[in-house]
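Examination of the molecular architecture
Here is what each chain is made of, one letter per residue.
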Amino acid sequence: MNRSTRTALRLLAAAAFLLTVATGLGPSTATAGPATATRLTLSPYPSRPTAVRPFVQSFARKPQARPQRALPRPQRPPEMPAGIDGCDHGYRMPDRPGLCVPWRFPPGVRARCDWLRGHGYFDPDPGGTVPRLLARGKDRHHLDPDHDGEACEKADRPAR
């Protein structure tokens, strides 16, 4: 018998002894005669329900704070630092408001309009219309070389 088996047997014997003592099912020296088996029933719930009162913190009985006045509604949207959300807000797509031109294109991308085309920015919608990319403000990526306000259009492509 190896050491771990002996340790396991000792733990099992100790648990059996504790169970015998705790339940009172062991042989009693106070009575003479045959030992009688007692049936033990364990219930997860007490026999009588007890009323449990909630505990309320002392500071909750006398609140001292007063409601604050509502702040005025802002007149314009908050200013965001450029590129904080990963989008270049100098470009927008009115037909697809969820898409944005990335602030930084992946390394090695030279033809940025072709990259946008390859990632579905100019896929026709079910009606057959091709979405437009409008350049407003600063044209950081030089997607609108003719400066007409529409970027990556066919007129902007270099002749091949």
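Report follows, based on the coordinates. Computed from a predicted structure; not experimentally measured.

**Focus: the state of the cysteines**
Overall, the coordinates contain two disulfides when judged by the stated rule. Disulfide partner of C87: C100, at an S-S distance of 1.9 Å. Residues C87 and C100 share a disulfide whose torsion about the S-S bond is about -60 degrees; that sign makes it left-handed. One end of the pair, C87, is in the loop between α1 (3–23) and β1 (91–92); the other, C100, is in the loop between β1 and α2 (112–118), with 13 residues separating them in the sequence. C87 gets classed as buried once you look at its relative accessible area, which sits at 12%. On the basis of relative accessibility, which here comes to 25%, the residue C100 falls in the partly exposed class. The disulfide partner of C113 is C152, and the gap between their sulfur atoms is 1.9 Å.

**Points about the environment of A82**
Residue position: A82 is located in the loop between α1 and β1. In this structure, the C-alpha to C-alpha distance between A82 and W103, residues 21 residues apart in sequence, is 8.5 Å.

**Considering the side chain of D88**
Mapped onto the elements of the fold, D88 is located in the loop between α1 and β1. Assessed through its relative accessible area of 5%, D88 is described here as buried. At 3.3 Å, the side chain of D88 and the side chain of H141 are in polar contact. Leaving out residues up to four positions away in the same chain, D88 has contacts with V101, P102, W103, R140 and H141.

**Some thoughts on empty space enclosed by the protein**
Evaluation of the coordinates by the stated rule reveals one cavity of 30 Å³ or more. One number sums up the size of the largest cavity: a volume of about 30 Å³. Forming the boundary of the largest cavity are Y91, R92, M93, L99, C100, V101, Y121 and L133. Here the residues of the lining of the largest cavity sort into seven nonpolar, no polar and one charged.

**Re the sheet that holds strand β2 (residues 133–135)**
Pairing is antiparallel across the open sheet formed by three strands, whose spatial order is β1-β2-β3. Since the sheet does not close on itself, it has two edges, and those belong to β1 and β3 (150–151), each with one partner. Across two bridges, β2 lies against β3 in antiparallel orientation. The residue of β3 that forms the bridge with L134 is E150.

**Quick notes on the packing of aromatic side chains**
Counted under the stated rule, the structure contains one aromatic pair. On the numbers, 5.3 Å between centres and 85 degrees between planes, the contact of F105 with W115 is edge-to-face. Here the residue F105 occupies a position in the loop between β1 and α2, and W115 occupies one in helix α2, the gap between them amounting to 10 residues.

**Brief notes about the environment of N2**
Relative to the helices and strands, N2 resides in the segment before α1. Look at N2 and you get partly exposed, because its relative accessible area is 44%. Polar side-chain contacts of N2 include one of 2.5 Å to the side chain of T5.

Conventions and cut-offs
Residues numbered from 1 in each chain as written. Predicted model: local features only at pLDDT ≥ 70, side-chain atom pairs only at ≥ 80, totals over all residues. Heavy atoms only, no water. Disulfide = S-S within 2.5 Å. Helix = DSSP H or I, 4+ residues; strand = E, 2+ residues; numbered from the N terminus. Buried < 20%, exposed > 50% of the residue type's maximum accessible area, 1.4 Å probe, protein only. Polar contact = N/O pair within 3.5 Å; in protein donor to acceptor, adjacent residues only side chain to side chain. Contact = heavy atoms within 4.5 Å. 1 Å grid on protein atoms, 1.4 Å probe; cavity = no way out; pocket = protein on both sides within 12 Å on 5 of 7 lines; lining within 4 Å. Points joined across faces, edges and corners; volume = space filled by probe spheres on them. Nonpolar A, V, L, I, M, F, W, Y, C, P; charged D, E, K, R; others polar. Pairing = 2+ DSSP bridges. Phe/Tyr/Trp six-rings, centres within 6.5 Å; stacked < 30°, edge-to-face > 60°.

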